[in-house]
Amino acid sequence: MRICYLINNTELLVGANKVIFENANGLSKKGHDTRIVSYSESPSWYKLHVSIIKVPKDQHLSDYVPKSDVVVCTQYNNSIETIRAAKKWNAIPFYFFQGNNAIFGYDRFNFGLAKYERELAINAMKIPFYQVICSSKYSQKILFDKFSIKSVLVESSIDKKV
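The structure reproduced in this document is the subject of the present report. Computed from a predicted structure; not experimentally measured.

If you trace the seven strands from one edge of the open sheet to the other, you get S3-S2-S1-S4-S5-S6-S7, paired in parallel fashion. Both edges of this open sheet fall to strand S3 (51-54) and strand S7 (152-153), since each of them pairs with a single strand only. Pairing analysis gives six bridges linking strand S1 (residues 2-7) to strand S2 (residues 33-38), with the strands arranged parallel. Residue isoleucine 7 lies in a different strand from S2, and its bridge partner there is serine 38. Across the sheet, helix H1 (residues 15-29) is in contact with S1, S2 and strand S5 (92-97); its angle to S1 comes to roughly 165°. Most of the contacts of helix H2 (residues 79-89) go to strand S4 (residues 70-73), to which it runs at about 175°, and overall it touches S1, S4 and S5.

Structure (structure tokens):
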């Protein structure tokens, strides 16, 4: 199966990226043709075993997605790009939701994000993804409580050798 993840910035040293990288490496190890399309290079802090297709900052991620069977959205701000790429290749669009307390959490987690960014994130949840995958029970709870979205739980695994 050909699987493509869209990640805006792979260089950020954050847990969400590490979870995505471990998932991508795991799928590749199982024989899937797995790639990442991003505005940044391969991270210096993590050993990826999949290729990264670097996109110029003034271009659309979706224009660089290779022929894929599955296209995975990894953050609300690349949701439209994911749908666009999935339509281009007649692929299945997935949303790998890891939670974002600042946007989807309860009011105490709203850290002063601009109103339009919060609205964009909420509107992304209205996009008809084939399947939403969550990395934690807490993320599942947020999606169900706020949006009545049912999701599949794929808990994050950690490779202690990395």
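With H1 bridging S1 and its parallel neighbour S2, the resulting β-α-β unit is right-handed. Of the strand pairs in this sheet, S2 and S3 are connected by four bridges, and their pairing is parallel. Counted as the bridge partner of valine 37 is isoleucine 53 from S3.

Another aspect to go through is the pattern of salt bridges. In total, this model carries five salt bridges according to the counting rule given. One salt bridge in this structure joins arginine 2 and aspartate 69, with 2.9 Å as the shortest N-O distance. Of the two residues, arginine 2 sits in strand S1 while aspartate 69 sits in the loop between S3 and S4, which places them 67 residues apart along the sequence. Between glutamate 22 and lysine 18 there is a salt bridge, and its shortest N-O distance comes to 3.4 Å. In this pair, glutamate 22 and lysine 18 are both assigned in helix H1, four residues apart and thus about one turn of the helix distant. On the accessibility criterion, glutamate 22 (12% relative accessible area) is buried. A relative accessible area of 23% places lysine 18 in the partly exposed class.

Rules of the game
- Residues numbered from 1 in each chain as written.
- Predicted model: local features only at pLDDT ≥ 70, side-chain atom pairs only at ≥ 80, totals over all residues.
- Heavy atoms only, no water.
- Pairing = 2+ DSSP bridges.
- Helix = DSSP H or I, 4+ residues; strand = E, 2+ residues; numbered from the N terminus.
- Contact = heavy atoms within 4.5 Å.
- Axes fitted to C-alpha atoms, helices over the stretch in contact; angles between N-to-C directions.
- Right-handed = clockwise from strand over helix to strand, strands pointing away.
- Salt bridge = Lys/Arg side-chain N within 4 Å of Asp/Glu carboxyl O.
- Buried < 20%, exposed > 50% of the residue type's maximum accessible area, 1.4 Å probe, protein only.

These figures come from the coordinates and say nothing about function on their own.
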